[in-house]
Number of protein chains: 4
Amino acid sequence: MGNTFGKLFSVTTFGESHGEGVGAVIDGCPAGLQIDESFIQRELDRRRPGQSSITTQRKESDRVKILSGIFEGKTTGAPLTLFIANEDARSKDYSHLAETFRPSHADYTYEKKYGLRDYRGGGRSSARETAARVAAGAVAKLLLQTAGVEISAYVSRVGDIEAPPYSQLDLTKTESNIVRCPDAATAEKMIALIDQVRLDRDTIGGVVTGVIRHAPVGLGEPVFDKLHAALGNAMLGINAVKGFEYGSGFAGTRMRGSAHNDPFVAEGGNIHTRTNYSGGIQGGISNGEDIYFHVAFKPVATIMQDQESVDRKGKAAVVSGKGRHDPCVVPRAVPIVEAMAALVMADFLLRDRCSRV
Amino acid sequence: MGNTFGKLFSVTTFGESHGEGVGAVIDGCPAGLQIDESFIQRELDRRRPGQSSITTQRKESDRVKILSGIFEGKTTGAPLTLFIANEDARSKDYSHLAETFRPSHADYTYEKKYGLRDYRGGGRSSARETAARVAAGAVAKLLLQTAGVEISAYVSRVGDIEAPPYSQLDLTKTESNIVRCPDAATAEKMIALIDQVRLDRDTIGGVVTGVIRHAPVGLGEPVFDKLHAALGNAMLGINAVKGFEYGSGFAGTRMRGSAHNDPFVAEGGNIHTRTNYSGGIQGGISNGEDIYFHVAFKPVATIMQDQESVDRKGKAAVVSGKGRHDPCVVPRAVPIVEAMAALVMADFLLRDRCSRV
Amino acid sequence: MGNTFGKLFSVTTFGESHGEGVGAVIDGCPAGLQIDESFIQRELDRRRPGQSSITTQRKESDRVKILSGIFEGKTTGAPLTLFIANEDARSKDYSHLAETFRPSHADYTYEKKYGLRDYRGGGRSSARETAARVAAGAVAKLLLQTAGVEISAYVSRVGDIEAPPYSQLDLTKTESNIVRCPDAATAEKMIALIDQVRLDRDTIGGVVTGVIRHAPVGLGEPVFDKLHAALGNAMLGINAVKGFEYGSGFAGTRMRGSAHNDPFVAEGGNIHTRTNYSGGIQGGISNGEDIYFHVAFKPVATIMQDQESVDRKGKAAVVSGKGRHDPCVVPRAVPIVEAMAALVMADFLLRDRCSRV
Amino acid sequence: MGNTFGKLFSVTTFGESHGEGVGAVIDGCPAGLQIDESFIQRELDRRRPGQSSITTQRKESDRVKILSGIFEGKTTGAPLTLFIANEDARSKDYSHLAETFRPSHADYTYEKKYGLRDYRGGGRSSARETAARVAAGAVAKLLLQTAGVEISAYVSRVGDIEAPPYSQLDLTKTESNIVRCPDAATAEKMIALIDQVRLDRDTIGGVVTGVIRHAPVGLGEPVFDKLHAALGNAMLGINAVKGFEYGSGFAGTRMRGSAHNDPFVAEGGNIHTRTNYSGGIQGGISNGEDIYFHVAFKPVATIMQDQESVDRKGKAAVVSGKGRHDPCVVPRAVPIVEAMAALVMADFLLRDRCSRV
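Chains are numbered independently. Their residues run from 1 in the order of the written sequence. Chain letters and ligand numbers both follow the written order, the letters beginning at A and the numbers at 1. Only residues with pLDDT of at least 70 are given local features in this predicted model, and only at 80 or more are side-chain atom pairs given and counted; all residues enter the totals for whole chains, interfaces and linings. The basis for every side-chain value is the complete set of heavy atoms in the structure, and neither hydrogens nor water enter the calculation.

**Quick word on the relation of the copies chain D and chain C**
- The least-squares superposition of copies is restricted to C-alpha atoms, and to residues with a pLDDT of at least 70 in both copies. Superposing chain D onto chain C requires a rotation of 180 degrees together with a translation of 0.0 Å along the rotation axis, leaving an RMSD of 0.0 Å. In the structure described here, the two chain copies are related by an operation that fits a two-fold rotation axis. Taking the C-alpha atom as reference, chain D places D:Asn233 closest to the rotation axis, 2.4 Å from it.

Spelled out as structure tokens, the structure:
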């Protein structure tokens, strides 16, 4: 259990790294939505391994196939099923991991929880599962487009290399470089750092920033399903994520209320806030300002070095780095962050339809 | 909707700041749990307003009453209802707020979402609702005690005043001072800062750290309901929270994998990790190490100063600070963080009962 | 678990026969609904014990109190809590039942499932819990009124005494007699039968028929949450119910398709069906015709006679009839059937808001 | 929405009559369950069209493929996905139905609810979807086998041809004839009736009886999720079902309590009931006796005759019978009833793991 996300726009993902494939069933997508299959594919291409010199060199084409829920190009109200078959599954690459636990991976906990584990490439715990999220998220984006909501994300930090705040950036430039940082100068430094880390046979962490624009006022379901709580839940459920903050975040805790409060102002009949420490959400409900948040990704656990560990019997063992992995996960995490944000926003857009008589 | 938390240990809270009271219905508490009503009351007393010089001076006795679900001192498997009647509800204090929106409060968003709002003390958006969470969390703690799980939290930072890492602290000292920081020297500085802030008619933010000890290996339900995602969701749902991180958190994003990975070691037949950057959770599942996390609280939005705002008609207005409020919320947030952590852990303890045939 | 009903209009009931009281929390009632408290009370009065000579003579005033969720007479979007305090709780009446299991009651199964039981008046398994449903159902009715949906139920059979089909009845006459059968001649016979049964210190079963008029086309969520499946689930969850059928029901199984199919006809621009064996639901979705269904109630298990049973240790024991009970439950079940139907319809009315883009 | 069934053993089905195929994702199947793929296939073969002279002559091989969730023959705790590709999809057979509504089908309601419909073979409303249920139910049966629970169903009535009560039947004989009635003499008459009905180009309804043996005491989650309410919900969600009753059912409503109550008796240290009008469930919880219930199926709506109807514009139209359909659905409904019963029982078996501390 735990593989379904969302209350009304409800997505169940399935599949493992080295099984038949990964997929998603969306139950609750409203009928009549035009599905642009090529858009879903483009989103998947952004997450695909082997897309650039700074990602894993594994080759997977990640072709999406729609198994159900569409008629004459539109959703019918029936469950929409998206499937991405696995390719290039070199299961033998992983047989040496059947008996040992990789440090800071899910090997040990899966084995203890379930009594057995699919050790091939991490099985269900593999980040390959996120392909299904990206596909489902693309459908959510299509739904959000009908309401004018825009979702974007970018790499805001790699190690200690940090981009300027989002409000100073042109987010349409995110895809202009392979690290997905809209600031060209910062991007160059990030790429150089990742290259160095890869040469060191190591990995490094970073931060992805998400920005949601033009969300209508009123999305969020307090007291437990506050909009930012749902966004945090969504982001923390992505592999390798260690933290989430929105608006002023952790930095805001150092401020005084008199500086932190966002004064309301009326501009041309519309109510806005002069500042936006609130991050577009007040009392758990969107207030019409930009929603922005930061997602912390740890360094990838798979490194090309020998590491100390134990085997299934509790004896000391060495885990050697093998396979083709990302030295830094954040460039490929950008579409995943967007996808999860889209799933949240689509769900809350529907939930808000029931707020009033 | 959005007022129920947890899948199996499922808590629905209700009530407003100035209505009859607040309460919680727990559906799914296993039968046969001995309920120590005085323990629930003690937890509520830790959250109660007016408990010290650095909290709001509102006087509320917050007496819990059990309305259902108990027979001869034990849970019966029926819903357990906890109710805390409101007292000292000076509704007139708030009548001036009927027409204006307090900056960085939920006034504006509630009105826009629901079309009307209970403006008395924030209504449902008031932190008074968290009394119900603390009461329910106390029951969760009693359940967790039967499994040996220990939940604790403390104030780790106020503004820029920061305590040493939790591993260097004696957490049994948390209640020894009014700011709830187990390090006496740091506590003293924190209290001085809060006193100064109050004299300045201002507020300040801070951080609460949670520590969960002796959680069994195996709690967490990937891929979406990872243990830390649920904890993050729970914490972000608390009023005034702006961020959540666990284990190495945001700082971990600056590290390399070779330094960040936690090597497994076998000690006396048990498998442990030498370091704990993972924060006791790997792949979304508890690994038996300490679970620790940080929760960022913004400065309280209610300040004793005049603030720029607008009224319901979109005209400029001034909001004046009135009433009795906390200059810093974190001391009283400690039991709330513990309660939410307990609700998560109780739920996942039950969910894990179905992991294996 | 199992005490929450409905996905969007979500009702959690709590309370026992001899505790503080029973109540319901409604999470998901849209904001802005005018709440007529006296209407809720009238609905409760229809369910109240002691209302006539053919019901139990227990006296309970069943006064409803709204604990949360209302501001200036309207729902606010916050959870709406309804509470009915217990009175006349003669707990000693039941002490003799602590050690034995009443036949065809829930005593044995509750004890085996939960390991203990509140034996006072059946505890949570008491039909007293349905007072909470009636209160919540009254709110659902108010919501449905805004959409023009009408819910009614009546007693269509007691033992072998049966009323004509609903289409031949004037349902506004239901409350004109104490047995709640709109056909006066049948009602008279039913009352006489119940009187006789009571004199025999026995009980008898019967059928309640529900009719839902003016439901919009389109309510129902296939494939699992078909409208009639949800209605069936709702009715079967009422104490003492043994069966549910809608439209042609069990009798329809004897028919041929050529006779059973409902031809579509166009009348004044509107599409209708000439017959209504479908019971207003096709493919699990309302089609605009009357929705009608039958609910089977077994004879009340508590009889004023000695009965063979066993005690908690598995030894033979005699259970003697004591207390004040209904000789036939269906007259008081009418408002409960209506309430559960209203909860279903309110939920599906909201769910349908998300059917289309 | 509405395509997920079960709280812990949670099944989401997808797919349409004439799309790529139908399938099911099971989230919450405990890890370590040995999956016998050939058993799943055998269950599907029992539901398969074209299996005998009294079913539709459409030929579909209905081969199941497991897409995820299995490793070395066992469930891993990850979602288990079962997929059955469509074959023999003669979409053109249905093009004539694009513009008219078949009487007593879901054509009209789907179009009105969703604004469009996949008219090819009924799309999502086709009984083809139940293949996914049978596959998922087979997995549930495997789980139930580990607890000793046995699920069986059979045809107890076709039109007016009725089998003796289940207690007089040898249920192992169900598969010995094509109508799936364990009583050979009754079966013969049923087959003759169905043959006649087919020759008449008509259809006929019937009843399937389900029997669940060796369920442990304690399954069921009052007050709303009573075991029989969940069974009723499950059965009513099957295409063409019009009614559900368990134990004494509608007939029990004619009885007196003194005759209907089931006396408890102690046999060899075990507590049983002398009679079983309760149908193995008391207070919504299994009591260890046989659980039995009856499911009413209407005559199939598709008949080989011209029928009066309207088109999408509300004009009178004639629907002609085409294609290959079942003259009576109950023989093929038997494995579907079993599957749905198995899904309920598996879910409640898991839910009961959390009943006690």
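**Structural notes on the interface of chain D and chain C**
- Each side of the interface is counted separately: chain D has 112 residues, and chain C has 112 residues.
- Here chain D packs against chain C, burying approximately 8700 Å² in sum over the two surfaces, 56% of which is carbon and sulfur.
- It is D:Lys113, D:Phe224 and D:Lys242 in chain D that bury the most area against chain C; as a group they hold 11% of the surface buried on that side.
- Salt bridge, as used here: a side-chain nitrogen of Lys or Arg that lies within 4 Å of a carboxyl oxygen of Asp or Glu. Linking chain D with chain C are 10 salt bridges, by the criterion used here. In this description, contact between two residues means that some pair of their heavy atoms is separated by no more than 4.5 Å. Buried area: the sum, over both parts, of the accessible surface (1.4 Å probe) that disappears when the two are put together.

**Structural notes on the interface of chain A and chain D**
- If you look at the interface, chain A gives 39 residues, while chain D gives 39 residues.
- Where chain A abuts chain D, roughly 2900 Å² becomes buried across the two surfaces, and 65% of that area is made up of carbon and sulfur atoms.
- Across the chain A-chain D interface, the total number found is 2 salt bridges.
- N or O atoms closer than or at 3.5 Å make up a polar contact, with two conditions inside protein: a donor-capable atom paired with an acceptor-capable one, and, for residues adjacent in sequence, both atoms drawn from side chains. Applying the counting criterion to the chain A and chain D interface returns 8 residue pairs in polar contact (both at pLDDT 80 or more).
- Here a strand is any run of E in DSSP of at least two residues, a helix any run of H or I of at least four, and the numbering for each starts at the N terminus. Secondary-structure elements contributing two or more residues to the side of chain A that touches chain D are β2 (10–15), β3 (21–27), β4 (64–68), β6 (74–75) and β7 (80–85) of chain A.
- When residues are grouped by polarity, Ala, Val, Leu, Ile, Met, Phe, Trp, Tyr, Cys and Pro land in nonpolar, Asp, Glu, Lys and Arg in charged, and all others, Gly among them, in polar. Of the residues in the side of chain A that touches chain D, the class split is 14 nonpolar, 15 polar and 10 charged.

**Looking at the packing of helix α3 (residues 130–145) of chain B against helix α8 (residues 330–351) of chain B**
All names here are of chain B.
- Axis lines are fitted through C-alpha atoms, for helices just across the contact stretch, and the angle between N-to-C directions can take any value from 0 to 180 degrees. Here α3 crosses α8 at 50 degrees, and the two axes come no closer than 7 Å. In terms of axis orientation, α3 runs oblique to α8. Crossing handedness for the pair α3 and α8: left-handed. Side by side, α3 and α8 meet where Thr130, Arg133, Val134, Ala136, Gly137, Ala140, Lys141, Leu143 and Leu144 of the first sit next to Pro335, Ile336, Glu338, Ala339, Met340, Ala342, Leu343, Met345, Ala346 and Leu349 of the second.
- Its residues assigned to classes, the contact of α3 with α8 shows 14 nonpolar, 2 polar and 3 charged. For this classification, under 35 degrees means roughly parallel, over 145 means roughly antiparallel, 65 to 115 means roughly perpendicular, and everything else is oblique. Crossings are assigned a handedness: left-handed for a near helix turned anticlockwise from the far helix by less than a right angle, right-handed for a clockwise turn.

**With respect to the sheet that holds strand β7 (residues 80–85) of chain B**
Residue and element names in this part refer to chain B.
- The strand order across the open sheet formed by 5 strands is β1-β2-β3-β7-β4, and the pairing between neighbours is antiparallel. Taken across any chain shown, the strands that pair with only one partner, and hence form the sheet edges, are β1 (4–5) and β4 (64–68).
- Paired strands, as defined in this entry, are two strands with at least two bridges between them according to DSSP. Pairing analysis gives 6 bridges linking strand β2 (residues 10–15) to strand β3 (residues 21–27), with the strands arranged antiparallel. Among the inter-strand pairings, Phe14 is bridged to a residue of β3, identified as Gly23.

**Brief notes about the state of the cysteines**
Residue and element names in this part refer to chain A.
- What counts as a disulfide here is a pair of cysteine sulfur atoms lying within 2.5 Å. For the structure shown, the criterion picks out 0 disulfides over all chains.
- Cysteine Cys181 shares no disulfide, and the gap to the nearest cysteine sulfur, in Cys328, comes to 12 Å.
- Judged by its relative accessible area of 0%, Cys181 is buried. Here's how the labels work: a residue is buried when its accessible area is under 20% of the maximum for its type, exposed when over 50%, partly exposed in between, all with a 1.4 Å probe on protein chains only.

**As for the relation of the copies chain A and chain D**
- When chain A is brought onto chain D, the operation consists of a screw motion whose angular component is 180 degrees and whose axial shift is 0.0 Å, with 0.0 Å RMSD remaining.
- Here 100% of the contact residues of chain A are again contact residues in chain D; the copies associate through an equivalent surface.

**Some remarks on the pattern of salt bridges**
- Under the defined criterion, the tally for this structure stands at 108 salt bridges over all chains.
- A salt bridge links D:Arg133 to D:Glu129; the nearest nitrogen and oxygen atoms lie 3.0 Å apart.
- Classification of D:Arg133 as buried rests on a relative accessible area of 0%.
- One salt-bridge network, held together by shared partners, links A:Glu43, A:Arg46, A:Lys141, A:Glu175, A:Arg180 and A:Glu338.

**A few points about the pairing of strand β11 (residues 241–246) of chain D**
- The buried count for β11(D) comes to 6 of 6 residues, which makes it a mostly enclosed element.
- Where strand β11 (residues 241–246) of chain C lies against β11(D), 3 bridges are found, and the strand directions are antiparallel. Following the sheet pairing, C:Phe244 is matched in β11(D) by D:Phe244.
- Pairing between β11(D) and strand β16 (residues 291–297) of chain D: 5 bridges, direction antiparallel. Looking across to β16(D), one finds that D:Glu245 is bridged to D:His294.

**Brief notes about helix α1 (residues 37–47) of chain D**
- Inspection of α1(D) places D:Phe39, D:Ile40, D:Gln41, D:Glu43, D:Leu44, D:Arg46 and D:Arg47 among the buried residues, and these make up the whole buried set.
- Along its buried surface, α1(D) packs onto β4 (64–68), β7 (80–85), α3 (130–145) and α8 (330–351) of chain D.

**Observations regarding the confidence of the model for chain A**
- For every residue, the predictor states its confidence as a pLDDT score lying anywhere from 0 to 100. Across chain A, the average pLDDT comes to 95, with 98% of residues at 70 or higher.
- If you check the scores for this complex, the pTM reads 0.98 and the ipTM reads 0.98.

**Quick word on the packing of aromatic side chains**
- Only rings of Phe, Tyr and Trp enter the pairing, Trp through its six-membered ring, and a pair is recorded when the two centres are within 6.5 Å. The plane angle decides the type: under 30 degrees is stacked, over 60 is edge-to-face, the rest tilted. Under the definition given, this model contains 38 aromatic pairs over all chains.
- When the ring of A:Phe264 is compared with that of B:Tyr108, the centres are 5.3 Å apart and the planes differ by 55 degrees; the resulting orientation is tilted. Here the residue A:Phe264 occupies a position in strand β12 (residues 264–267), and B:Tyr108 occupies one in helix α2 (residues 107–114), the pair thus bridging two chains.
- Judged by its relative accessible area of 5%, B:Tyr108 is buried.
- A centroid spacing of 5.3 Å and a plane angle of 45 degrees characterise the contact between C:Phe5 and D:Phe224, whose relative ring orientation is tilted. With C:Phe5 in strand β1 (residues 4–5) and D:Phe224 in the loop between β10 (206–213) and α5 (227–236), this pair bridges two chains.
- Ring pairing ties together the aromatic residues A:Phe101, A:Tyr108 and B:Phe264, which thus form one cluster.
- Working rule: Lys NZ or Arg CZ, within 6 Å of ring centre, within 35 degrees of ring normal, means a charge sits over the ring. Here the guanidinium or amino end of A:Lys242 rests over the ring plane of B:Tyr246, the centre of that ring lying 4.0 Å away.

**With respect to the side chain of B:Ser126**
- Locating B:Ser126 in the fold gives a position in the loop between α2 and α3.
- Once residues lying within four places of it in the same chain are set aside, the contact partners of B:Ser126 are B:Ser17, B:Gly121 and B:Asn239.

**Focus on helix α5 (residues 227–236) of chain A**
- Most of α5(A) is tucked away, with 10 of its 10 residues classed as buried.
- Buried within α5(A) are the following residues: A:Leu227, A:His228, A:Ala229, A:Ala230, A:Leu231, A:Gly232, A:Asn233, A:Ala234, A:Met235 and A:Leu236.

**Some thoughts on the sheet that holds β1(C)**
All names here are of chain C.
- Taken in spatial order, the 5 strands line up as β1-β2-β3-β7-β4 in an open sheet, and their pairing is antiparallel. In this open sheet, the two edge strands, each paired with only one partner strand, are β1 and β4 (64–68).
- Bridge analysis of strand β3 (residues 21–27) against strand β7 (residues 80–85) gives 6 bridges, and the strand direction is antiparallel. By the bridge assignment for β7, Val22 is matched with Ile84.

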